[in-house]
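The primary structure of each chain is shown beneath.
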Amino acid sequence: MGLWKRGRRYWTQTVVNGVWIRRPLCPPGSTHATTSWQEAVRLEKELIRAALQGSLPPQGHSIKLFAAVDEYLEAKKATANTQRAIAFDRERLEVVKRVLGDVRLSAITARVIEGFQAKRRLEGAGNRTVNMDVGALRQVLKRFKQWRRLEDDVKMLTETGGEPIGRVLTDEEQKRLLKTAEDNPEWEHVWCAAQLAANTSMRGVEVKHVRRKDFDAEKRLVHIRTSKNQTSKRVIPLNDSAFDAVQRMVKRSDVLGHTEPGHYLWCASQHHKLDPTKPASKWDTAWRALRDAAGLPGLRFHDLRHTVVTRLLEAGEPDHVVESITGHLSRRMLEHYSHIRLKAKKDALDRLDRSNSASLLTTRRDRPR
């Protein structure tokens, strides 16, 4: 009994108060056992101490989902680069908990996950959103050594022939969405957010974190300081529509008395009380009501970003310009968003055909007889 190695990683097997314990020695925030002997000794002592105190968490086959999620999120605090990463996983896992309930991890099968995917799709969630939900659940299952038995059978929606991730609005759909939002005063903040995103490609989290000091009215710029990742921080010039949307939010803030430079334009609201020192956490209720009123069920706020990228690419804007606006990191990520419509592709190939035909005709004319 004691420490032993499984491959390069350390495990422990011991008996504490008559209970047999056999576990991998994983550092906080990691799903893999340590490869360091010194760390393994320390982790084993902590495990035995927890067992003696009766606070040793159950192993993956017996632990329930809610407790597993709590432990996973607590451990992630030690390794996450940003608070947003923790908040993101918490949001996704709240959805998982709501749909699956407090089941044992060992009861989660590939069929259970397929049922989860189907239910989320019926609720109107897009493929990408459902995949993010399953991805967060996968991390929890990995931590408790429950994923390996599922990994060969669980398929993300795009792998099983689902609809393409993301949606591109037609001109008519976008006009209808913004007109519907503008006609309802209660949706002013959502209208302004949608107008800004539809003209800049800003993500929802980027819009929510815009503060008064991030908006330069004289130069007509907005500074994006909080984003999905550090490299997405950037400065975006505002066209007339985007400028008008931000100006309306500034005037709204003036009326509310939110005049400090650090105050958020889209601020937090709880129990009908606004807190300008915190960014809005979500606008799901207003967004769902808006999209349904506009006849666009299932539309995600993030689809406005897909639409901007597609239109910029269809207009022939250089990739590096699109990347500087949208904050993409690589060509692969750019292609992920660029759902170039079939008509645009057909037009490009038709132009190539006309060019080839004209070139061939010129060659024939120049050929000596």
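### A few points about the overall build of the protein chain
Reasoning step 1: The helix and strand inventory of the protein chain stands at 14 helices and eight strands.
Reasoning step 2: The long-range fraction of contacts in the protein chain, counting pairs at least 24 apart against all pairs at least 6 apart in sequence, stands at 62%.

### Side note on the nonpolar core
Reasoning step 1: Counting 39 residues, the largest nonpolar core has Leu177, Trp266, Trp287 and Leu304 as the members making the most contacts within it.
Reasoning step 2: Those elements giving two or more residues to this core turn out to be α6 (171-182), α7 (188-200), β5 (221-224), α9 (240-256) and α10 (284-293).
Reasoning step 3: The leading source of residues in this core is α7, at eight residues.
Reasoning step 4: Non-local contacts of leucine 177, meaning those with residues more than four positions away in its chain, are made with Leu169, Trp287, Leu290, Arg291, Ala294, Leu296, Leu299 and Leu304.
Reasoning step 5: In terms of nonpolar packing, the next biggest core, distinct from the first, is built from 29 residues, Val95, Ala110, Ile113 and Ala136 among them.

### With respect to the environment of glutamine 195
Reasoning step 1: Counting through the fold element by element, glutamine 195 comes out in helix α7.
Reasoning step 2: We classify glutamine 195 as buried; its relative accessible area is 10%.
Reasoning step 3: The spatial distance from the C-alpha of glutamine 195 to the C-alpha of phenylalanine 243 is 9.3 Å, given a sequence separation of 48 residues.
Reasoning step 4: Aside from chain neighbours lying at most four places away, what touches glutamine 195 is Leu178, Ser241 and Ala245.

### Examining the environment of arginine 104
Reasoning step 1: Assignment of secondary structure puts arginine 104 in the loop between α3 (83-100) and α4 (110-122).
Reasoning step 2: Assessed through its relative accessible area of 41%, arginine 104 is described here as partly exposed.
Reasoning step 3: With 36 residues separating them in the primary sequence, arginine 104 and alanine 68 have C-alpha atoms 9.3 Å apart.

### Overview of the confidence of the model for the protein chain
Reasoning step 1: Across the protein chain, pLDDT averages 82, with 83% of residues at or above 70.
Reasoning step 2: Within the model, pLDDT remains below 50 along residues 159-163, and this stretch shows five contacts once partners closer than five positions in the same chain are excluded.

### Things to note about the packing of aromatic side chains
Reasoning step 1: Considering all chains together, one arrives at three aromatic pairs under this definition.
Reasoning step 2: Taking 5.1 Å as the distance between ring centres and 50° as the angle between the ring planes, the aromatic pair formed by tryptophan 283 and phenylalanine 301 counts as tilted. A residue pair is termed long-range when its members are at least 10 positions apart, and tryptophan 283 in the loop between β8 (273-279) and α10 and phenylalanine 301 in the loop between α10 and α11 (303-314) qualify at 18 residues. Across this residue pair, the class does not change: tryptophan 283 and phenylalanine 301 are buried.
Reasoning step 3: Look at tryptophan 287 and phenylalanine 301: their rings are 5.3 Å apart centre to centre, the planes differ by 70°, and that puts the pair in the edge-to-face class. Of this pair, tryptophan 287 sits in helix α10 while phenylalanine 301 sits in the loop between α10 and α11, placing them 14 residues apart in sequence. Of the two residues examined, tryptophan 287 and phenylalanine 301, each falls in the buried class.
Reasoning step 4: Among the aromatic residues, those joined into a cluster by ring pairs are Trp283, Trp287 and Phe301.

Thresholds applied
- Residues numbered from 1 in each chain as written.
- Predicted model: local features only at pLDDT ≥ 70, side-chain atom pairs only at ≥ 80, totals over all residues.
- Heavy atoms only, no water.
- Helix = DSSP H or I, 4+ residues; strand = E, 2+ residues; numbered from the N terminus.
- Contact = heavy atoms within 4.5 Å.
- Core = buried A, V, L, I, M, F, W, Y, C linked by side-chain atoms within 4.5 Å.
- Buried < 20%, exposed > 50% of the residue type's maximum accessible area, 1.4 Å probe, protein only.
- pLDDT = per-residue confidence, 0-100.
- Phe/Tyr/Trp six-rings, centres within 6.5 Å; stacked < 30°, edge-to-face > 60°.

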